[in-house]
Amino acid sequence: MHDGHGRIFDPAARRWTRTALAAWGEPVPPRRALDWLQRDSGTPLRAPVAVIGTRTPTAAQVAAAVAMGRLLAEHKVTVLCGGRSGVMEEVCRGVAEAGGLSIGLLPDDEPEAANPYVTVPLATGIGVARNALIARAACCLVAIGGGYGTLSEIAFALQFKRPVFLLEGAPAVDGGRVCSDAEAALDAVARVILAL
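About the criteria used
- Residues numbered from 1 in each chain as written.
- Predicted model: local features only at pLDDT ≥ 70, side-chain atom pairs only at ≥ 80, totals over all residues.
- Heavy atoms only, no water.
- Helix = DSSP H or I, 4+ residues; strand = E, 2+ residues; numbered from the N terminus.
- Rg over C-alpha atoms; globule rule 2.2 N^0.38 Å.
- Contact = heavy atoms within 4.5 Å.
- Lys, Arg positive; Asp, Glu negative; His and termini not counted.
- Charge placed at Lys NZ, Arg CZ, Asp CG, Glu CD.
- Buried < 20%, exposed > 50% of the residue type's maximum accessible area, 1.4 Å probe, protein only.
- Pairing = 2+ DSSP bridges.
- Axes fitted to C-alpha atoms, helices over the stretch in contact; angles between N-to-C directions.
- Phe/Tyr/Trp six-rings, centres within 6.5 Å; stacked < 30°, edge-to-face > 60°.
- Lys NZ or Arg CZ within 6 Å of the ring centre and 35° of its normal.
- Salt bridge = Lys/Arg side-chain N within 4 Å of Asp/Glu carboxyl O.
- Patch = residues over 30% accessible without salt bridge, like charges linked within 9 Å, V, L, I, M, F, W, Y side chains within 5 Å.
- Areas by Shrake-Rupley, 256 points an atom, 1.4 Å probe, with all protein chains shown as cover.

Undergrad: Quick question: what am I supposed to make of the overall build of the protein here?
TA: Looking only at helices and strands, the protein has six helices and nine strands in total. What you see for the protein is a C-alpha radius of gyration of 17 Å, in line with the 16 Å of a compact globule of 196 residues. Referenced to the eigenvectors of the C-alpha coordinate spread, the extents of the protein come out at roughly 55 × 35 × 30 Å. Pairs at least 24 apart in sequence give 57% of the contacts found in the protein among residues at least 6 apart. Between the mean site of the 19 positive side-chain charges and the mean site of the 19 negative ones, the protein shows a separation of 7 Å.

Undergrad: So what exactly am I meant to see when it comes to the side chain of E90 here?
TA: By the element assignment, E90 lies in helix α3 (residues 87-97). When its relative accessible area of 14% is taken as the criterion, E90 is described as buried.

Undergrad: Looking at this structure, I do not really get the sheet that holds strand β7 (residues 141-144). What am I missing?
TA: Pairing between the strands of a sheet is mediated by backbone hydrogen bonds and can be parallel or antiparallel. Read from one edge to the other, the open sheet built from seven strands follows the order β6-β5-β4-β3-β7-β8-β9, with strand pairing classed as parallel. Of all the strands in the sheet, the pair left with one neighbour each is β6 (120-123) and β9 (177-178). Here strand β5 (residues 102-106) runs beside β6; their pairing, made up of four bridges, is parallel. Across the sheet, residue L105 finds its bridge partner in β6, namely L122. Lying on the sheet, helix α4 (residues 130-137) is in contact with β3 (49-53), β4 (79-81), β5 and β7; it crosses β5 at an angle near 150°. Strands β3, β7, β8 (164-167) and β9 of the sheet are contacted by helix α6 (residues 182-193), whose axis makes an angle of about 180° with β8.

Undergrad: Is there a simple way to think about the packing of aromatic side chains in this case?
TA: Pairs of aromatic rings are described using the distance from one ring centre to the other and the angle between the two planes. Overall, the coordinates contain two aromatic pairs when judged by the stated rule. Between F9 and W16, the aromatic rings sit 5.0 Å apart at their centres with planes inclined by 50°, giving tilted as the arrangement. A residue is classified by how much of its surface remains accessible, and F9, at 5% relative accessible area, is buried. Exposure remark for W16: the relative accessible area of 13% places this residue in the buried category. Ring geometry for F156 and F160: centres 6.1 Å apart, planes at 15°, overall stacked. What makes F160 buried here is its relative accessible area of 17%. Stacked on the ring of F160, the Lys or Arg R136 has its end atom at 3.8 Å from the ring centre.

Undergrad: I tried to follow the pattern of salt bridges on my own but got confused; where do I start?
TA: Oppositely charged side chains are able to pair whenever their charged atoms sit close together. Applying the stated criterion across every chain yields a total of seven salt bridges. The salt bridge involving D35 is made with R39; its shortest N-O contact spans 3.5 Å. Taken together, the residues span about one helical turn, with D35 and R39 both in helix α1 (residues 30-40) at a distance of four residues. Given the relative accessible area of 23%, D35 is considered partly exposed. What makes R39 partly exposed here is its relative accessible area of 44%.

Undergrad: Looking at this structure, I do not really get the environment of R70. What am I missing?
TA: With respect to the helices and strands, the residue R70 is situated in helix α2 (residues 59-74). Its relative accessible area of 29% is what places R70 among the partly exposed residues. Sequence spacing of R70 and E97 is 27 residues, and the spatial spacing of their C-alpha atoms is 6.8 Å. The contact partners of R70, leaving out residues within four places of it in the chain, are G94, V95, E97 and A98.

Undergrad: It is not clear to me how a nonpolar patch on the surface should be interpreted in this structure. Could you clarify?
TA: Together, L101, V120 and L122 line one region of the surface with nonpolar side chains, adding up to about 200 Å² of accessible area. Inspection of the secondary structure assignment puts L122 in strand β6. A residue is classified by how much of its surface remains accessible, and L122, at 40% relative accessible area, is partly exposed.

Structural data, given as structure tokens:
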């Protein structure tokens, strides 16, 4: 994959480098490039994308979370979340509906505390300190609504230099980028994964 400006993408390193090779092929949007990376490159991104948010979502936040989970799963991106209710459950439902993989990093001592859609429940037993782990483990975060817990995850992510995309009333924080909907958030995530 090349960018048309003399750079070629190294999928293993997730970095663009200069090349003397002639560019050929057709232009593709970031989503198609993400599909190639995740399905055909032989070196898909293994780090997850975190989806965080409120435990008491509105109907619009539920729809955004399900759509976000489905879109990420359709592009073979692993989803990380807190594994419990609200936005966490809805994003996992979207992932499950699309046959994807979700990891629930639970604050609880037992994996049974996970919502029914989590593919891999990881019981940490560390309470809300798991928010820092979610922010550190993800390549970027998508926040949908949320309160203090979501705000803490956003703050950790920004401190760890992880991009944060905000949807449906997520706490507005300097450094976070507001996206109009799940489709726009997917485009932003694809650009992060592709180092664009």
